[in-house]
There are 2 protein chains.
Amino acid sequence: MSILIRNVELNEKLTDIFIEGTLIRRIGQDLQVNADTVIDGTKKAIFPGFINAHSHAAMVLLRGFAEDLPLEPWLTEKIWPAEAQHTDETIYWGTKLACLEMIESGTTCFNDMYFRPKQTYQAISEMGLRAFISETIFDFFDDEKAEQTKRITEENLKLAQSFDSTVHYSIKPHAIYTVSENLFKWCADFANANHLTFHTHCAETRTEYENSIKDFGLSPVKYLKKLGVLSPNLSLAHVVWVDDEDIQILADYDVKVVHNPQSNLKISSGYQFKYEEMKAKGITICLGTDGAATSNNYDMVEAMKLASIMQKAWRFDPTVLSGNEILDVATINGAKTFGINAGAVKEGCLADLILINLNQTTFTPNHDTVANLIYAANGSAVDTMICNGKILMKNRIVQGKQDIIENVINISKIFKNT
Amino acid sequence: MSILIRNVELNEKLTDIFIEGTLIRRIGQDLQVNADTVIDGTKKAIFPGFINAHSHAAMVLLRGFAEDLPLEPWLTEKIWPAEAQHTDETIYWGTKLACLEMIESGTTCFNDMYFRPKQTYQAISEMGLRAFISETIFDFFDDEKAEQTKRITEENLKLAQSFDSTVHYSIKPHAIYTVSENLFKWCADFANANHLTFHTHCAETRTEYENSIKDFGLSPVKYLKKLGVLSPNLSLAHVVWVDDEDIQILADYDVKVVHNPQSNLKISSGYQFKYEEMKAKGITICLGTDGAATSNNYDMVEAMKLASIMQKAWRFDPTVLSGNEILDVATINGAKTFGINAGAVKEGCLADLILINLNQTTFTPNHDTVANLIYAANGSAVDTMICNGKILMKNRIVQGKQDIIENVINISKIFKNT
């Protein structure tokens, strides 16, 4: 299987791009190659697909389900009771819908933290995206629950041996306030022993920070350090409530950080994400949308704009986190975090690519393609998406879309009674 | 000319809507009427068109022209020299493009502050939108320039007598730091005498606030009070740097306030817009995008989401500025500010309406149409737009779009050499 993209804009110059199998093989003008499929790149620009480094895909079924509420009743009276209703079928269709939305808005790879990895895998595999999936790990400080969770995780890893090469199992304890010291350490050891990526929520809210000080006598980051679980394969979602010492610790252990601007603003977790301080210490920072119950979408273009302009806003400095820089955060930094050879339009890289339609209002005039993508456009600017060398969307058409929408509408009725 | 919209969702119920001439005549189920045009509203929701209460339409030609720069060189080395290149033709095509973008993202009426009202009017009239236009007034504290500006304004008002009923002339001194006391007072008197809306930038940046204290011994709002220019027909754009006394003054004089979240964040003007304090005093707050050199688009859906989630973020309170509330800010409050009988889907109101396509990913599932519109979707969710009883977009197709894009690409080349 091969694809030739003719005359597409790459870094403001026109070129051809030849994809063979799963990889970008050649980039250059007037390539003399034969391909199974030829795409006309006229009036289109090519970018690496976005890497959504923190999401809860099937949570999309609770999009708009409970809005503008205080955090506590929102979680305990609305979200958790609704999530208790999930079945194999809701997870399958919810994940399909999330994948559809990611394809339509340019995400080729995502890091998912939710439930029922078998159905999650099935949905992602059918949709063709790259993903790091999991069964979220909790024990609520109950020893019996901890042992049960360990057994489930071991079984899941066996199941994952049958996964397509694009879907990886990963280890995701929920957070320090829902996972015991014993289980957290086990997770780190298990991830390291099996060469799996390792991910958790950390320092998301002021309440989490204050409770960590109260319960453990340490900030969330320092508590994780004390547990001995910090390592380069660990990525932390949110990381809003950190001081200079915490940031130095994350840098020392090469821990990766995932910024989630939409969710952090909407549920009032914290808006002063310390991008500049982390960058100064060399920390790899990537970008996520979080789940659609809080974000309320999976649009990484929106997340890029929001991350950039919020950083400019709270620092009173319009020069920080430029368009080019946030584009790296949303692509190559995600690839580095998850150890995949993607996030760049380069020969030898995985063919995880998007074509942006420049023949539209938000790209007119086009003094600066990257600036127009980040600041003027949104995910709907994506015209064509290729993942692992396969075309998943062309001219904004994704096969099977209507079927997914109708199944989700039908299956989401169960949440109405919650 | 009449339009019948069948089976459309209004406030979560299905109804028919009959438009005759420029007005919404009847709303109800199974209306027994004949219409020149029938629109199938199946899987669509109807909303009032958005009212963009502060914009610089033709500035869209400088979208992405100078990004991520400090404010001072951005303005003096990039934007002002580029704006000096404007011609009748650039203003005409720039305004056409801005109107196209507003139509595509659901704005039926906008308040414009730019140059060359004749060309601006021509473009808007051809595109069919409702607008309040102007020639921005400056004198840079030069008496001769002040007199010249007054004469131009008087001539513009004569010209405006030939405008279509949808385009209104309005009086827009730029700001207190570019307009003398004498000219500002003349503007207020001229606006009042001619029953025109009156608009200026106010308290946008910390620098403006500090200079106002230094130069006038008063905050920007208190200085405007001292000038005697505060009145119910005045709307102020930005209003970020205000204290409790300033807010009380604005309330006392029934001055309207326009919030511009995208621009305020991106150029680091200030992010703590005091929505709750102004609302508590009964101030009418409406919403704008500002010009596309700072926003970088005219997407009022994006502006609604940003206004809402930023208010939740900096107050650490997810309950403030709900989806329903920001929708009012972007519609009925704008109508109130400009004294037009629009901003609502009600019998007798102007037929300035949009149909949202619910059969798409970001509206699936649809637990809450308003929440999905504000928090999950963006301007691309708009399927059909009606302004003043005329269909300007149907199934996302706007007549003449490609011609506008090509003319703008061509004419924008003059800015490259700036």
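Residues numbered from 1 in each chain as written. Chains lettered and ligands numbered in written order. Predicted model: local features only at pLDDT ≥ 70, side-chain atom pairs only at ≥ 80, totals over all residues. Heavy atoms only, no water.

**Considerations on the relation of the copies chain A and chain B**
Our working definition: When the copies are superposed, the least-squares fit takes in the C-alpha atoms of residues with a pLDDT of at least 70 in both. We call two residues in contact when some of their heavy atoms are within 4.5 Å.
Between chain A and chain B, which share one sequence, the superposing operator has a rotation angle of 180 degrees and an axial displacement of 0.0 Å; the RMSD is 0.0 Å. This pairing of chains is accounted for by a two-fold axis. It is Ser380(A) whose C-alpha, among those of chain A, lies nearest the rotation axis, at 3.5 Å. When the interface residues of chain A are mapped onto chain B, 100% of them again lie at the interface, so the same face is used by both copies.

**Here's the deal with the interface of chain A and chain B**
Here is the rule: A 1.4 Å probe defines the accessible area here, and the buried area is the portion of it lost by two parts on being joined, summed over both. Salt bridges are counted wherever a side-chain nitrogen of Lys or Arg sits within 4 Å of a carboxyl oxygen of Asp or Glu. Here a polar contact means two N or O atoms within 3.5 Å. Within protein one must be a hydrogen donor candidate and the other an acceptor candidate, and residues neighboring in sequence count only if both atoms are side-chain atoms. Strands are runs of DSSP state E lasting at least 2 residues, helices are runs of H or I lasting at least 4, and numbering of each runs from the N terminus. Lys, Arg, Asp and Glu make up the charged group, whereas Ala, Val, Leu, Ile, Met, Phe, Trp, Tyr, Cys and Pro make up the nonpolar group; the residues left over, Gly among them, are polar.
Opposite the 69 residues of chain A that make contact, chain B presents 69 residues. Carbon and sulfur atoms supply 59% of the area buried between chain A and chain B, which totals about 5100 Å² over both sides. Three residues stand out in chain A for area buried against chain B, namely Phe316(A), Thr361(A) and His367(A), and they jointly supply 14% of the buried area on that side. Linking chain A with chain B are four salt bridges, by the criterion used here. Between Asp68(A) and Lys312(B) there is a salt bridge, with the nearest N and O atoms lying 2.7 Å from each other. Counting every contact that joins chain A to chain B gives 27 residue pairs in polar contact (both at pLDDT 80 or more). Put simply, the parts of the chain that give the side of chain A that touches chain B at least two residues each are helix H2 (88-104), helix H9 (261-266), helix H11 (300-315), helix H14 (369-376) and helix H15 (401-411) of chain A. When residues in the side of chain A that touches chain B are grouped by element, the largest group, eight residues, is from H11(A). The residue makeup of the side of chain A that touches chain B, split by class, is 28 nonpolar, 24 polar and 17 charged.

**Quick look at the sheet that holds strand E6 (residues 50-55) of chain A**
All names here are of chain A. What counts is decided by this rule: If DSSP finds at least two bridges between two strands, the strands pair. Where helices are involved, their axes are fitted lines through C-alpha atoms of the stretch in contact, as for all axes, and angles between N-to-C directions lie from 0 to 180°.
Taken in spatial order, the four strands line up as E6-E7-E8-E9 in an open sheet, and their pairing is parallel. A strand with exactly one partner marks an edge of an open sheet, and here the two such strands are E6 and strand E9 (167-169). Adjacent strand axes in the sheet meet at a mean angle of 15 degrees, parallel and antiparallel pairs treated alike. Where E6 lies against strand E7 (residues 107-112), four bridges are found, and the strand directions are parallel. Within E7, the position partnered with Phe 50 by the bridge is Thr 107. Sitting on the sheet, H11 touches E6 and E7, and the angle it makes with E6 is about 80 degrees.

**Notes on the environment of Lys214(B)**
Mapping Lys214(B) onto the fold places it in helix H6 (residues 206-216). Between the C-alpha atoms of Lys214(B) and Thr37(B), which are 177 residues apart in sequence, the distance is 60 Å.

**Overview of the packing of helix H12 (residues 323-330) of chain B against helix H14 (residues 369-376) of chain B**
All names here are of chain B. We count it as follows: For classification, angles of less than 35 degrees are called roughly parallel, those exceeding 145 degrees roughly antiparallel, those between 65 and 115 degrees roughly perpendicular, and all remaining angles oblique.
Contact geometry for H12 and H14: axes closest at 9 Å, N-to-C directions at 70 degrees. Comparing the axis directions of H12 and H14 gives the class roughly perpendicular. Touching Gly 323, Asn 324, Ile 326 and Leu 327 of H12 are Val 370, Leu 373, Ile 374 and Tyr 375, all from H14. For the contact of H12 with H14, the per-class residue count stands at six nonpolar, two polar and no charged.

**Description of the pattern of salt bridges**
All names here are of chain A. Applying the stated criterion to the full structure yields 36 salt bridges over all chains. Across the pair Asp 16 and Arg 6 runs a salt bridge, and its minimum N-O distance is 2.6 Å. Within this pair, whereas Asp 16 is found in strand E2 (residues 13-20), its partner Arg 6 is found in strand E1 (residues 2-10), the two being separated by ten residues in sequence.

**What about the confidence of the model for chain A?**
We apply this condition: For every residue, the predictor states its confidence as a pLDDT score lying anywhere from 0 to 100.
Chain-level pLDDT for chain A is 97 on average; 100% of the residues reach the 70-or-more range. Predicted complex metrics record ipTM = 0.97 and pTM = 0.98.

**What to know about the sheet that holds strand E11 (residues 234-238) of chain B**
Residue and element names in this part refer to chain B. Within the open sheet, the four strands sit side by side as E10-E11-E12-E13. Their pairing is parallel. Edge positions in the sheet fall to strand E10 (198-202) and strand E13 (285-287), since each of these pairs with one other strand and no more. Along the sheet, successive strands turn relative to each other by an average axial angle of 30 degrees, direction set aside.

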